[in-house]
Amino acid sequence: MRAAIVSLGARLTALLPARDDMAQVRRTPRRDLLAGLTVAIVALPLALGFGVSSGLGAEAGLATAVVAGALAAVFGGSNLQVSGPTGAMTVVLVPIVAEHGPSGVLTVGVMAGVMLVVLAVLRAGKYMRYVPAPVVEGFTLGIACVIALQQVPNALGVDKPEGERVLVVTWRALREFAQHPNWTAVALALAVAAVMVAGARRWPKVPFSILAVIAATVVAQLAGLDAARPIGDLPAGLPAPSVAFLDPAALGSLLAPAVAVAALAALESLLSASVADGMTVGQKHDPDRELFGQGLANIAAPLFGGVPATGAIARTAVNVRTGASSRLASLSHAAVLAVIVFTLAPLVSRIPLAALAGVLLATAVRMVEVGSLRAMAGATRSDALILVLTAVATLALDLVYAVVIGLVVAGALALRAVAVQARLDEVPLDRGDHSAEEHALLAEHIVAYRLDGPLFFAAAHRFLLELADIADVRVVVLRMSRVTTIDATGALVLKDAVEKLNRRGIAVTASGIRPGQRQVLDAVGALELLRLGGSEYPTTPEAIRAARTHLEYEGVLPALPAQVSRTAEAEAEAEEAGR
């Protein structure tokens, strides 16, 4: 018990900020502060937009960007990661709001944060590397489509219709717009999106999102465009921390949504941190510390009225491109947003919802990397299938189901590809110095097969059919030195095939069984069946000699004085090693 407590304490200590983190903060403070200011300008409209899209309001997005952004910057595992509300998380939160209300979302955020901390303590961050690239690309494409569809009501200037599924909500919004068109909102949304997309291509370092939003707000105010509905009143500052929203009785019903939020937060944050590493030289994030930082951020943000947060790929990319090199940049981004919350709330409240919809439409467009999609789609049919299936599942179901479906399909296709590599090939017997007559006599009664590749559940059935079809011989020698792996299913199938051959009067032995494979064969009782004469045989020549001795004992072959010479034996063993 004491050792477990000590181990747990050591793990927690390893997850806390280190002295080296502070040393990096002091290296280029001016450049990091400038990067943080730039990211804050980019993040402001996104935080407002994602807060509105989540259903909890613009103030929830700002609270998340400030609180979660600061805590994840201090305790996270990446020097460059910027955290806050994201489109992917918004996609998950909308149905939770519809079913459980705002208090349910806040409770889910706390529960998900605790789960992330537990994952960090269990060192689960390393498993992110096993998510296939087509799943990630399909996931990103699906998220981009969902984010764009979520903006349709605000872009059309209509009240958000009821419903959990984004496709249903979009269709109802289009019908409402057809009955009461609001071309002012449409014009503002498209203008903001066009400025952001076109401007970013020509001048990528200019924060066109905030410039477009300011311009749209000024135009709406000066022209008195009543149809351009503003965000509405925002509180001047963050609310006092509170746990009044926590309802112990509802924890059971919120467990599944919390798991979904935690899974998404882990996936998106670790993916974003990996992208940041790839954009720099010498930076490498700690996945377990990143999970820990995101966990603390998601525990704290709901206490201030914020929604669950993750690492934000777009804001992290801006952070890297503007020269950030330490946590000071993402921490200062949160500080700048806090200043805006406390000093500019009345001005921010006048931003038209249609302008924020335009920001998120442009964000969705920029999320789609056409080159990456073409590369994945053109790689193999399996990769294309996984990408499309994950994207469709993201759009039709939800993000966690989409990732699970993508992983399951990718795993099944990978197993199929590996299983195809397993082969059972007949190989000729080594002549040694046997006479032609003796070799012909041996060939009539002994056959050798070489097993190549994995012998596991995905390939076992085909192997059983091939091996059980062997006929017209008295001894089968299985050359197993090229078997890469055997699982329990493969060992049981091998045992079954050997027993069937034995019942037909055919003896079976094996050569070259590896030490690591002996245990599973022995556990299911297959190893004993392969010990012809009570012994195992390291090489094929030894197994063939044992097979000949068995046939001599059975009276099938005459006892011949001719034996394999030492030279021929050495050549046969060398040939065996070469194969």
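Reading guide: rules and limits
- Residues numbered from 1 in each chain as written.
- Predicted model: local features only at pLDDT ≥ 70, side-chain atom pairs only at ≥ 80, totals over all residues.
- Heavy atoms only, no water.
- Helix = DSSP H or I, 4+ residues; strand = E, 2+ residues; numbered from the N terminus.
- Buried < 20%, exposed > 50% of the residue type's maximum accessible area, 1.4 Å probe, protein only.
- Areas by Shrake-Rupley, 256 points an atom, 1.4 Å probe, with all protein chains shown as cover.
- Axes fitted to C-alpha atoms, helices over the stretch in contact; angles between N-to-C directions.
- Parallel < 35°, antiparallel > 145°, perpendicular 65-115°, else oblique.
- Left-handed = near helix turned anticlockwise from the far one by under 90°.
- Contact = heavy atoms within 4.5 Å.
- Nonpolar A, V, L, I, M, F, W, Y, C, P; charged D, E, K, R; others polar.
- Patch = residues over 30% accessible without salt bridge, like charges linked within 9 Å, V, L, I, M, F, W, Y side chains within 5 Å.
- Salt bridge = Lys/Arg side-chain N within 4 Å of Asp/Glu carboxyl O.
- Core = buried A, V, L, I, M, F, W, Y, C linked by side-chain atoms within 4.5 Å.
- Pairing = 2+ DSSP bridges.
- Phe/Tyr/Trp six-rings, centres within 6.5 Å; stacked < 30°, edge-to-face > 60°.

### Here we look at the overall build of the chain
If you tally the helices and strands in the chain, you get 26 helices and 7 strands. Of all 579 residues assigned to the chain, the portion counted as buried reaches 50%. Of the roughly 26,600 Å² that the chain leaves accessible, carbon and sulfur atoms contribute 63%.

### Here we look at the packing of helix α6 (residues 133-150) against helix α8 (residues 166-179)
In the contact formed by α6 and α8, the axes pass within 9 Å of each other and the chain directions differ by 30°. One finds that α6 runs roughly parallel with respect to α8. Between α6 and α8 lies a crossing whose hand is left-handed. Between α6 and α8, the residues in contact are Val146, Leu149 and Gln150 and Val166, Leu167 and Thr170, respectively. Split into classes, the residues belonging to the contact of α6 with α8 amount to 4 nonpolar, 2 polar and no charged.

### Quick look at a nonpolar patch on the surface
Taken together, the side chains of Leu34, Leu37 and Ile41 define a hydrophobic patch exposed on the protein surface, amounting to about 240 Å² of accessible area. Position of isoleucine 41 among the secondary structure elements: in helix α3 (residues 29-54). For isoleucine 41, a relative accessible area of 30% translates into the label partly exposed.

### Describing unusual backbone geometry
Even without glycine at this site, arginine 123 takes up a positive phi of about 60°. With respect to the helices and strands, the residue arginine 123 is situated in the loop between α5 (87-121) and α6. Residue classification places arginine 123 among the partly exposed positions, given a relative accessible area of 45%.

### A closer look at the nonpolar core
Among the nonpolar cores identified, the biggest contains 94 residues, and Leu48, Ile231, Leu234, Val261, Leu337 and Ile351 are the most heavily contacted of them. Here this core gets 17 residues from one element, more than from any other, and that element is α5. Leucine 234 has contacts with Leu48, Ala58, Glu59, Leu62, Ala345, Val348 and Ser349, leaving out every residue within four places of it along the chain. Leu478, Ile506, Val508 and Leu521 belong to the second-largest nonpolar core, a separate cluster that totals 27 residues.

### Considering the pattern of salt bridges
Within this structure, the stated rule accounts for 4 salt bridges. Here arginine 531 ties to glutamate 528 by a salt bridge, and the two come within 3.2 Å at their closest N and O atoms. Using a relative accessible area of 24% as the deciding quantity, one classes arginine 531 as partly exposed. Ionic pairing is found between arginine 548 and glutamate 552, a salt bridge with its closest N-O pair at 3.1 Å. You can see arginine 548 and its partner glutamate 552 sitting in helix α25 (residues 540-554), 4 residues apart, about one turn around the helix. Each of the salt bridges in this network shares a partner with another, and the network as a whole consists of Arg450, Asp452 and Arg482.

### Observations regarding the pairing of strand β4 (residues 446-455)
Counting buried positions over the 10 residues of β4 gives 10, a clear majority of the element. Here 5 bridges tie β4 to strand β5 (residues 475-479), and the two strands are oriented parallel to one another. Each residue of the ladder has a partner; that of tyrosine 449, found in β5, is leucine 478.

### So, the packing of aromatic side chains
Inspection of every chain in the model, using the stated rule, returns 2 aromatic pairs. Look at phenylalanine 75 and phenylalanine 292: their rings are 6.5 Å apart centre to centre, the planes differ by 75°, and that puts the pair in the edge-to-face class. Of this pair, phenylalanine 75 sits in helix α4 (residues 58-75) while phenylalanine 292 is found in helix α12 (residues 287-300), placing the two residues 217 residues apart along the sequence. The partly exposed category is assigned to phenylalanine 75, whose relative accessible area is 21%. Both rings, one in phenylalanine 177 and one in tryptophan 183, keep their centres 5.1 Å apart while their planes meet at 85°; by these two values the pair is edge-to-face. Under the relative-accessibility criterion, phenylalanine 177 is labelled buried at 11%.

### Comments concerning the pairing of β5
Counted residue by residue, β5 has 5 buried out of 5 residues, so it is predominantly covered. Neither face of β5 is open: one carries Val475, Val477 and Arg479, the other Val476 and Leu478, and all of them are buried. Sheet topology note: the β5/strand β7 (residues 507-511) ladder contains 5 bridges and is parallel. Paired with leucine 478 across the bridge in β7 is alanine 510.

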